Amino acid sequence: MRGRIHDYSSSSAAVLLAIAIASAVTAPIARAQDALAVAQVARGRITGRIVDAATGQPLAKAQVLLVDRQVGAESDLDGRYTISGVPVGRYAIRARRLGYQPKQVDSVSVRESEATVVNVTLGVASVTLQSIVVQSTRTDQAASEASLLSIQQRAPAASDGISAEQMRRTPDSNAGEAATRVSGISIVDNKFVIARGLSERYSTTLVNGAEIASPEPAKKIVPLDIFPASLLESIVVTKSATPDKPGDFSGGAVEVKTKEFPDNDVRQFSISQSYNSEATFETLQAPHRSGMDFLGFGSGRRAPPPIPADFDDVFSLERFAESIRSDWNPRPARVLPNLGLGLNVGGQRPSDRIALGYVLSLTYSSGTEHSADRFFQFYSSPKTEPNRAFVYQDVRTGVDWGGVANVSLRFGTASKVSFKNLYTRNAEELYSTSDGFNVDANGDVRSYQFQYIERDLLQTQLAGEHLIDALASSRFEWKATMSRSMRDEPDNRQVTYVRDAGDRFAVGTNSDVYVRALTDRQYAAQVDWQVPLRLLGRSMTFKTGGLMRAKQRAFDASLVTFTVQRSTQIPDDLAYLPPELLFTPENIGGYIGLTRPGNVAQPYDADDDVTAAYAMLDIDLLPRTRVVGGVRSEDWRIDLFDGGRERYVAGDTTRLPLLRRNKDLLWSANATVSLTEKMNLRLAAFTSVSRPDTRELSLDAYTDVVGNCPTFGNPSLQRSTVLNADARWEWYPRSGEVLSVSGFYKDFTQPIVRTVIGFTGCAYSYENALSAKNYGAEFDVRQNLTYLPGVLSRLSAALNVTLVESRVVMGPGFGTFDPDLALEGQSPYLGNASLSYGESGGFTASVLYNVFGDRIVRYGFRSSGGVDAVQGPNIVEQSRGTLDAKLQRPFGRGLTMTLSGRNLTNAPVKFVQKVEAGLVSTGLARPGITVQVGVGYAR
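Read on for an overview of the structure. Keep in mind that this is a model prediction, so the values were computed, not measured. Counting of residues starts from 1 at the beginning of each chain's written sequence and follows it residue by residue. Where local features are concerned, this predicted model is filtered to residues with pLDDT of at least 70; where side-chain atom pairs are given and counted, the filter is 80 or more; whole-chain, interface and lining totals use all residues. The side-chain figures draw on all heavy atoms in the structure; neither hydrogens nor water molecules are used.

Another aspect to go through is unusual backbone geometry. One non-glycine residue with positive phi stands out, namely Lys-61, at about 60°. Each residue's exposure class comes from its accessible area (1.4 Å probe, protein chains only) as a fraction of the maximum for that residue type: buried when under 20%, exposed when over 50%, partly exposed otherwise. Residue classification places Lys-61 among the partly exposed residues on the basis of a relative accessible area of 32%. Positive phi, close to 70°, is recorded for Phe-281, a residue that is not glycine. Relative to the assigned elements, Phe-281 resides in the loop between strand E17 (266-276) and strand E18 (283-284). According to the relative accessible area criterion, Phe-281 is partly exposed, its value standing at 40%. Secondary structure follows DSSP: runs of H or I at least 4 residues long count as helices, runs of E at least 2 residues long count as strands, and numbering of each begins at the N terminus.

Our next topic: the pattern of salt bridges. Note on definitions: salt bridges are taken to be side-chain nitrogens of Lys or Arg within 4 Å of carboxyl oxygens of Asp or Glu. Within this structure, the stated rule accounts for 50 salt bridges. We note a salt bridge from Arg-782 to Asp-780, for which the minimum N-O separation is 3.7 Å. Asp-780 sits in the buried class, given a relative accessible area of 4%. Each member of the salt-bridge network shares a partner with another, and the members are Asp-160, Lys-239, Arg-682, Arg-728, Glu-730 and Glu-778.

Before going further, it helps to spend a moment on the nonpolar core. In summary, soluble globular proteins display a tendency toward joint burial of nonpolar side chains. Put simply, buried Ala, Val, Leu, Ile, Met, Phe, Trp, Tyr and Cys residues joined by side-chain atoms within 4.5 Å make one nonpolar core. Core analysis: the biggest nonpolar cluster contains 37 residues, and Val-808 and Met-810 have the highest contact counts within it. The contact partners of Val-808, leaving out residues within four places of it in the chain, are Val-753, Ala-769, Ser-771, Ala-772, Leu-821, Ala-822, Leu-823 and Tyr-859. Here, two residues are considered to be in contact whenever any of their heavy atoms come within 4.5 Å of each other.

Our focus in this paragraph is the pairing of strand E43 (residues 844-852). Sheet topology places strand E42 (residues 829-838) next to E43; nine bridges connect them, and they run antiparallel. In the sheet register, Gly-831 faces E43, and the bridge partner there is Val-851. Only when DSSP finds a minimum of two bridges between them are two strands counted as paired. The antiparallel pairing of E42 with E43 creates a hairpin that spans five residues between the two strands, and Gly-841 there sits at a positive phi of about 70°. Taken together, the nine bridges between E43 and strand E46 (residues 880-891) define a ladder with antiparallel strand orientation. Within E46, the position partnered with Val-851 by the bridge is Gly-881.

Turning our attention to the environment of Asp-244. With respect to the helices, strands and loops of the structure, Asp-244 is situated in the loop between strand E15 (232-238) and strand E16 (252-258). The exposure class assigned to Asp-244 is buried, which follows from its relative accessible area of 17%. Setting aside residues no more than four positions away along its own chain, Asp-244 makes contact with Lys-543, Tyr-614, Met-616 and Arg-632. For the purposes of these results, a polar contact is taken to be a pair of N or O atoms within 3.5 Å, where, inside protein, one atom must be able to donate a hydrogen and its partner to accept one; residues adjacent in sequence count only when each atom of the pair is a side-chain atom. A distance of 2.6 Å separates polar atoms of two side chains, one belonging to Asp-244 and the other to Thr-242. At 3.0 Å, the side chain of Asp-244 and the side chain of Lys-543 are in polar contact.

See below:
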């Protein structure tokens, strides 16, 4: 077995270093700020951003003055300004910049030792330069829903998102749960994005503007459940392309932004406990924790020694056998409530020369899940009986924690350097038993399974932004990003018993132990140069830049199968022993032999590189018409080494590396017509690609969970191309409100789809279909109900609905498929509704409802043809609606109580297949109701 991959020390060291830096910085800052507060007890500050009303771009070098006072500040390259040392009281401020119409904001209230946030939009100057006067509204921070909608209104391309403010009103614990609130987004397996009805492979994930490596071996996109919601500033899904964004997406580019630097000092701590109706206070056979399991560092004590190269070596076999854990029958224990912890520290030190901002955020959760009587069966043909059926008892324990440590330095008003660090880690252990039948085993079977998985993700980014006055006041940005993701699976084992003629269960042939590890390292360098121009009386911006991304993947895997030596004289009843007594060192190597399948669980390495360059123009082409368009060139190169890189280094020529080379020139055009100051009409068209992942190209047969159907790669896969068209009407009547209607159409050439192979229908592979089409409409409204009487005026409501249709055309060489076959994972409709109540600084409440329509989660077995050929029945996840709620109330100074609930209607997860007799239930799971109580303290 190849050397297993462990990066615990490096990842932990990086995170600890980032935390140490942030702590070292924050300690003297906090002391200095406390001393300043004592000396100036009756002073505060005014801060905010100045942006262009038409484009939403930040305006540097804008003057912000206190009216009737000789005090002010100049905005920096991000449009940010800070007026420090302002006495407590009410003021008016005036913002002005050459070429823009001045604006005055009245009734700005300054409070002691706090920052009052006032964001200002400036429009291009008309003939008259009289100031516009508005009343101040507090507050338009970057994390707020109103600010996110303001950015969305002025963005060059259509987008939707959810802010930290909205996330706080939901019971969502991670980015996957929060993303379901975004229009057109649904989540499969609680972590993978389905955007506009397209499977996760047609989306991409950016963290702080950069792609990151995925810790999932069989998925192209990063699972969103690894990002705790409390670490996030926002989740924004861009749905039409611009040349400065990666071209490998069609459904949506999901950008996750970690917490930025707060305008006021933040010191927050929270603790919560949650109850689940299926697990909490139940007595269950849950996996036992010890050592560092509570932090997700448990792979060391679970890892066996290297699998013997020579299975005739009795000593090596005994050593390996002794390392296999024998906890097949965990001691029943009472399940305690799940635990959650959170800590946030942040602030800034304003200065005209070197300003500093920082944030340190930590989150931790731990708990147990139970799925009782989870049911699954499968029909390979609509005309026969099911091929297999099982009832499972699943108990899963998990730990999730993570941290953000960000520091930013602003040098004067023209330069800023940021150092951003994100680390998340989770570990889960599954103990599962099942009873059922399987045609492959020719009878009734009983199985026991343990699976332990650790995942972590580290991203470190150094970025800079600079205004260059000498080059037409252009803006230069650069990013250097390193990300590393890991998935370690040191203990994945299953034993299967088969009922014999004597009505007794004897150990069968499928007793397997997997040992697997995956590490992805990704390095990226990106530069962007933006130059403002004016030609023929029209304002425009030229932007160009490039990207170099190198990703290295190392996958290590081994599989050992235990087989009872029927040819030898075995003791009576040995084959009938329970697994904790059967798999002992004295039996393995004697009565129980070991084998290694030749084409399953093979290692591989891969280099996946992209070089990109782009040029785009943002121009006010006509009055009230903004056009953003250009081209992007992407050069994709992949080298895949099946069996491991060292085979080729050693000169093994039996299997040559798989090479893919594609150069794509991708164009995009976005037009935004400002029908009024608050109303836009958007039209967009663009081309994009979808490239196969290294797992999809590898010859290895990958089984995600022991006992599940394996997935075989296809080295013949080619990348897909997509032609996209979008139209959107949007209206922003007031701050924090939106009404929009969208339509989209996508035409795929050679789309990559997952198909079912094998006579029993228990194997997957990937194919290039001939073509596919995807089209639909979206409706989104968010409304503050201030026109209602009394307390009802504090209500706000939101509703978004997406309707989607799709068709896939498979090639005749693949067999016979349904002519109206929809894309896998596509629901015909998605919906979110919420009603929120909020008192300023007081009690808040939210009720949220999410629903999706029936969707195919797995295609049926493809028929080989013939007169009566029909496709096997698809596995369909039935429509499900979930009701969630959250209540929050402050008590005293800085104390907040929270009560939240998920899946309050206790909706089960159901799967069906359509056979000759009609719809047949083929799957059922009950996640249960979850209720959480939390306490938070902030100052």
